Protein chains: 2
Amino acid sequence: VIEQATALTASEMVTAYYEAWTRGTFDEDRLRSILAEDLVFEGPLAGRRVGADAFLRGVRDVSNALKDFRLIQRLENEDEVSVLYDGDLTRPAGTHRFAEFFSIRDGRIRAINLLYDGTEWRKLAAS
Amino acid sequence: VIEQATALTASEMVTAYYEAWTRGTFDEDRLRSILAEDLVFEGPLAGRRVGADAFLRGVRDVSNALKDFRLIQRLENEDEVSVLYDGDLTRPAGTHRFAEFFSIRDGRIRAINLLYDGTEWRKLAAS
């Protein structure tokens, strides 16, 4: 019997990432197995943040608010994936578009650049 | 002499698109040769708009306001390209991040999904 390490491809890793939080549950253990501990995240409100912990709190909030997830476009190469999608959220209420660019190396998602229109989020933060 | 129709690839078309408006000039003729007349554009403030004309007015505004363009990530396949970049603008002043997803078919850019944080643009529109 040959034991074989079956590392996920970059594409499979990003698929697993979305499966872990867009299907009515939030699988934190799964996400921690996919994301680098020192993940570099950039987003419109967060700016640049290093570390999976702070990022996972944000993903949990969006996951809890998510009613529907619709993929629009997805591109990938050996170590990068870009995804454009719409999410129907309860908070901020409505349909929001997201672009997410992933960098994968050594079996982990190392960096995520997330973009969305922060307008409704800034209103929530100010209220 | 063999005359050869050298159609641009999807990648070359998107490169030509950015060259036409990010290098200190706005080459409308070049852009019209790249974009489908019935281009389908979606953006945070515009919503969904069909037609190259309205889109080109928006590109001209951004081109005129652009001080610096910095590519962050770019992915491509045979008929799609996604680009993440920062633009330093005079109006709205500051550095703005953009994600742009292109669909190319039959030698033209047919659809562009553009995403950015509309916060500062909404302030301009309201002022």
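From a predicted model like this one, the values you see are computed outputs, not experimental measurements.

Student: What exactly am I supposed to notice about the overall build of chain A here?
Tutor: Broken down by element type, chain A carries 4 helices and 6 strands. Ordered by position from N to C terminus, the α and β elements of chain A give α-α-β-β-α-β-β-β-β-α. On C-alpha atoms alone, chain A measures out to a radius of gyration of 15 Å, which is about the 14 Å that the 2.2 N^0.38 rule sets for 127 residues. Principal-axis analysis of the C-alpha atoms places the extent of chain A at approximately 60 × 25 × 25 Å. Put simply, chain A has 127 residues, and 46% of those count as buried. The contacts in chain A between residues at least 6 apart in sequence include a share of 46% that link residues at least 24 apart. Only carbon and sulfur atoms are counted for the fraction: they give 44% of the accessible area of chain A, which is about 6900 Å². Side chains of chain A give 17 positive and 22 negative charges; the mean places of these two sets differ by 6 Å.

Student: Just to check I follow, could you spell out the confidence of the model for chain A for this structure?
Tutor: Low-confidence regions, as indicated by low pLDDT, have predicted coordinates that should not be scrutinised in detail. Counting all residues, the mean pLDDT for chain A is 95, and 95% of those residues have values of 70 or more. Interface scoring of the predicted complex returns ipTM 0.94; its pTM is 0.94.

Student: I'm lost on the interface of chain A and chain B in this one. Help?
Tutor: In many reports, interface size means the accessible area that the parts give up when they come together. Contacts between the two partners involve 26 residues from chain A, matched on the other side by 26 residues from chain B. Counting the surface lost from both chain A and chain B, the interface buries some 2000 Å², and carbon and sulfur atoms represent 55% of this. Considering only the surface of chain A that becomes buried against chain B, L75, F101 and L115 of chain A emerge as the three largest contributors, covering 32% of it. In this structure, the salt-bridge partner of E42 of chain B is R97 of chain A, at a minimum N-O distance of 2.9 Å. Those elements that place two or more of their residues in the side of chain A that touches chain B are β3 (66-76), β4 (80-90), β5 (93-105), β6 (108-116) and α4 (119-126) of chain A. When residues in the side of chain A that touches chain B are grouped by element, the largest group, 6 residues, is from β5 of chain A. Counted by class, the side of chain A that touches chain B contains 12 nonpolar, 7 polar and 7 charged residues.

Student: Got a minute to help me understand the sheet that holds β4 of chain A in this structure?
Tutor: Whether parallel or antiparallel, the strands of a sheet pair through hydrogen bonds between backbone atoms. All names here are of chain A. Overall, mixed pairing links the 6 strands, which are arranged β2-β1-β6-β5-β4-β3 in an open sheet. Pairing within the sheet leaves two strands with one partner each, and these edge strands are β2 (47-50) and β3. Adjacent strand axes in the sheet meet at a mean angle of 20° when their direction is disregarded. Against the sheet, helix α1 (residues 10-19) engages β1 (35-43), β3, β4, β5 and β6, with an angle of about 145° to β5. Most of the contacts of helix α3 (residues 52-65) go to β1, to which it runs at about 65°, and overall it touches β1, β2, β3, β4, β5 and β6.

Student: What's the story with the pattern of salt bridges in this structure? I'm lost.
Tutor: Should their charged atoms come close, side chains of opposite charge can pair. As enumerated under the stated definition, the model contains 24 salt bridges over all chains in all. Here R105 of chain B and D106 of chain B are joined by a salt bridge, their closest N and O atoms 3.9 Å apart. Here R105 of chain B matches D106 of chain B in class, with each residue exposed. Within this structure, E28, R32, D53 and R60 of chain A form a network of salt bridges that share partners.

Student: Just to check I follow, could you spell out the sheet that holds strand β1 (residues 35-43) of chain B for this structure?
Tutor: All names here are of chain B. If you trace the 6 strands from one edge of the open sheet to the other, you get β2-β1-β6-β5-β4-β3, paired in mixed fashion. Edge positions in the sheet fall to β2 (47-50) and β3 (66-76), since each has one partner strand and no second. Averaged over all pairs of adjacent strands, the angle between strand axes in this sheet comes to 20°, irrespective of strand direction. Two strands pair when backbone bridges link them, and β3 and strand β4 (residues 80-90) are joined in this way by 9 bridges, in the antiparallel orientation.

Definitions and limits used
- Residues numbered from 1 in each chain as written.
- Chains lettered and ligands numbered in written order.
- Predicted model: local features only at pLDDT ≥ 70, side-chain atom pairs only at ≥ 80, totals over all residues.
- Heavy atoms only, no water.
- Helix = DSSP H or I, 4+ residues; strand = E, 2+ residues; numbered from the N terminus.
- Rg over C-alpha atoms; globule rule 2.2 N^0.38 Å.
- Buried < 20%, exposed > 50% of the residue type's maximum accessible area, 1.4 Å probe, protein only.
- Contact = heavy atoms within 4.5 Å.
- Areas by Shrake-Rupley, 256 points an atom, 1.4 Å probe, with all protein chains shown as cover.
- Lys, Arg positive; Asp, Glu negative; His and termini not counted.
- Charge placed at Lys NZ, Arg CZ, Asp CG, Glu CD.
- pLDDT = per-residue confidence, 0-100.
- Buried area = accessible area lost by both parts, 1.4 Å probe.
- Salt bridge = Lys/Arg side-chain N within 4 Å of Asp/Glu carboxyl O.
- Nonpolar A, V, L, I, M, F, W, Y, C, P; charged D, E, K, R; others polar.
- Pairing = 2+ DSSP bridges.
- Axes fitted to C-alpha atoms, helices over the stretch in contact; angles between N-to-C directions.

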